[in-house]
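A look at the structure
If you want the building blocks of each chain, they are given just below.
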Amino acid sequence: MINNPIFLVGCMRSGTTLLADLLGSHPNIIHCPFELKHVWSRAGKVPMASPKTLDRICPQLNESDVKPGQKQKLVRAFHREMIKNKGKKHIPHSVFLNKNPHLCNKLPFVQTLFPNARFIWIYRDLPSVTASLKKLLKHHNLVHYWPYKSNEETIRCFNLFHRTLPKNIDRSRCFPGGDAKYLAEYWYENNKAVSDFSKTVPPGQIFIIKEEELIHNPEKVLTECLDFLKLPGIIPYHLITNIQPGRNNLWHTRLSKRELESIMNFIMENEKKLNNLFPGQEISLHYKEQISSFL
């Protein structure tokens, strides 16, 4: 029932929602919002830290973590979501689309469940993401906690606490109010996970999009994406006109001088790692120039 599904990934605040909405308007794609964390958590027994699921953790999962019957339960649940969200589309002629940033540290697990899946990875500049994350994680009834690494190979996602925090917890790792370098660590670690995964699969299985390029040239990027998916190049011009071309211009207004300095220190300490992250791009100098102009 779920043939050649599309999984749209990228760390939080990278444009996954925008891209999913654009692709979901296609007559042959059924986008099942929002992230289906409740399906992954309840039907698939895959914890995803969220107020909807009441999970506190979002663990890294690999091939060996697949359990018997897990795929069948997820397929049935995904199919039910397709029915609920199909509108006037015909399910036999449509493909399933799930956008979910929480899959970044679970991609080998997802591919094992769905060997014929296609993956779309969208990434966005570090300064813009950290500023947007700061705004996103400001809910005072929820605390997002950036955990310590259990080992060097661990790919982390945020833990979630509802109202009550453990005693003696490091508040600098808690948001709202934490140190911005941990937002940068999240950005790096999750993009690194997708980058490493992209090198293990054939080129025809993953397509890479830069959010800033999508904003400035949406018709070109969407045409290339639909070509990758082998779908008719039907462009949602009615949605493209709503894209705000300046959406990446105000990131610096959301960050204090101290936060800008913390992110800059992170970039300087990790220059070599950053320059190996995205295909054909040495990004550390670009990010340093972005931030230094506001210090």
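Not measured: the values here are computed from a predicted model. (Residues numbered from 1 in each chain as written. Predicted model: local features only at pLDDT ≥ 70, side-chain atom pairs only at ≥ 80, totals over all residues. Heavy atoms only, no water.)

1. With respect to the overall build of the protein
Operational definition: Runs of H or I in DSSP of at least four residues are treated as helices and runs of E of at least two as strands, each being numbered from the N terminus. Radius of gyration here uses only the C-alpha atoms, and the compact-globule reference equals 2.2 Å multiplied by the residue count raised to the power 0.38. Relative accessibility thresholds used throughout: buried, under 20% of the residue-type maximum; exposed, over 50%; partly exposed, between the two (1.4 Å probe, protein chains only). Only heavy atoms enter the contact rule, under which two residues are in contact if any of them lie within 4.5 Å. For accessible areas, the Shrake-Rupley method is used with a probe of radius 1.4 Å. Any residue's cover is judged against the shown protein chains and nothing else. His is not counted, nor are the chain ends; Lys and Arg add positive charge and Asp and Glu add negative charge. Here the site of a charge means atom NZ of a Lys, CZ of an Arg, CG of an Asp or CD of a Glu.
The number of helices and strands found in the protein is 12 helices and 8 strands. A globule of 295 residues ought to have a C-alpha radius of gyration of about 19 Å, and the protein, at 19 Å, matches this closely. When burial is assessed residue by residue, the protein has 54% of its 295 residues classed as buried. Within the protein, counting contacts between residues at least 6 apart in sequence, those at least 24 apart form 76% of the total. Taken as a whole, the protein presents about 14,200 Å² of accessible surface, with 52% of it coming from carbon and sulfur. Side chains of the protein give 41 positive and 26 negative charges; the mean places of these two sets differ by 10 Å.

2. Considering the pattern of salt bridges
Going by this rule: Should a side-chain nitrogen of Lys or Arg be within 4 Å of a carboxyl oxygen of Asp or Glu, the pair is scored as a salt bridge.
Here the structure, examined in full by the defined rule, presents 15 salt bridges. With its nearest N and O atoms 2.7 Å apart, the salt bridge here joins Lys 192 to Asp 196. One end of the pair is Lys 192 and the other is Asp 196, both in helix 6 (residues 180-198) and 4 residues apart, which spans about a single turn. Of the residues examined, Asp 196 reaches a relative accessible area of 33% and is grouped as partly exposed.

3. A word on the packing of helix 5 (residues 126-136) against helix 10 (residues 257-269)
To keep it simple, the criterion reads: Here an angle of 0 to 180 degrees is reported between the N-to-C directions of two axes, which are lines fitted to C-alpha atoms, with helices fitted over the stretch in contact. The cut-offs work like this: below 35 degrees is roughly parallel, past 145 is roughly antiparallel, 65 to 115 is roughly perpendicular, and the gaps in between are oblique. In this scheme the handedness of a crossing depends on how the near helix is turned from the far one: anticlockwise by less than a right angle means left-handed, clockwise means right-handed. We call Asp, Glu, Lys and Arg charged. Ala, Val, Leu, Ile, Met, Phe, Trp, Tyr, Cys and Pro are nonpolar, and the rest, Gly among them, are polar.
At a closest axis distance of 12 Å, the pairing of helix 5 and helix 10 adopts a crossing angle of 135°. Classed by the angle they form, the pair helix 5 and helix 10 counts as oblique. Regarding helix 5 and helix 10, the two cross each other, and that crossing is right-handed. Along its contact with helix 5, which presents Leu 126, Thr 130 and Lys 134, the element helix 10 presents Glu 259, Ile 263, Phe 266 and Ile 267. Its residues assigned to classes, the contact of helix 5 with helix 10 shows 4 nonpolar, 1 polar and 2 charged.

4. Structural notes on the sheet that holds strand 7 (residues 174-175)
In plain terms, the rule: Any two strands with at least two DSSP-identified bridges between them are counted as paired.
The 3 strands lie next to each other as 6-5-7, forming an open sheet whose pairing is antiparallel. In this open sheet, the two edge strands, each paired with only one partner strand, are strand 6 (159-162) and strand 7. By the bridge criterion, 2 bridges tie strand 5 (residues 142-145) to strand 7 in an arrangement that is antiparallel. By the bridge assignment for strand 7, His 144 is matched with Phe 175.

5. Notes on the nonpolar core
The condition is simple: Side-chain atoms within 4.5 Å are what join buried Ala, Val, Leu, Ile, Met, Phe, Trp, Tyr and Cys residues into a set we call a nonpolar core.
Among the nonpolar cores identified, the biggest contains 68 residues, and Phe 7, Trp 40, Phe 78, Phe 114 and Trp 187 are the most heavily contacted of them. In terms of residue count, the dominant contributor to this core is helix 6 (9 residues). In contact with Phe 7, other than residues within four places in its own chain, are Trp 40, Phe 96, Asn 98, Leu 103, Val 110, Phe 114, Ala 117, Arg 118, Phe 119 and Ile 120. Counting residues in hydrophobic clusters, the runner-up holds 26 residues, among them Leu 18, Leu 97, Leu 226 and Phe 228.

6. Section: unusual backbone geometry
Following Pro 33, the chain continues into Phe 34 via a peptide bond in cis, with omega recorded as -10°. Relative to the helices and strands, Phe 34 resides in the loop between strand 2 (29-31) and helix 2 (37-43). Residue Phe 175 is joined to Pro 176 through a cis peptide bond whose omega torsion reads 15°. Residue placement: Pro 176 occurs in the loop between strand 7 and helix 6. Of note in the backbone geometry, Arg 13 takes a positive phi value of approximately 70° without being a glycine. Within the element layout of this structure, Arg 13 appears in the loop between strand 1 (6-9) and helix 1 (16-24). Residue class for Arg 13 comes out partly exposed when judged on its relative accessible area of 36%. With a phi angle near 65°, Leu 54 is a residue other than glycine that sits in the positive phi range. By the element assignment, Leu 54 lies in the loop between helix 2 and helix 3 (70-85).

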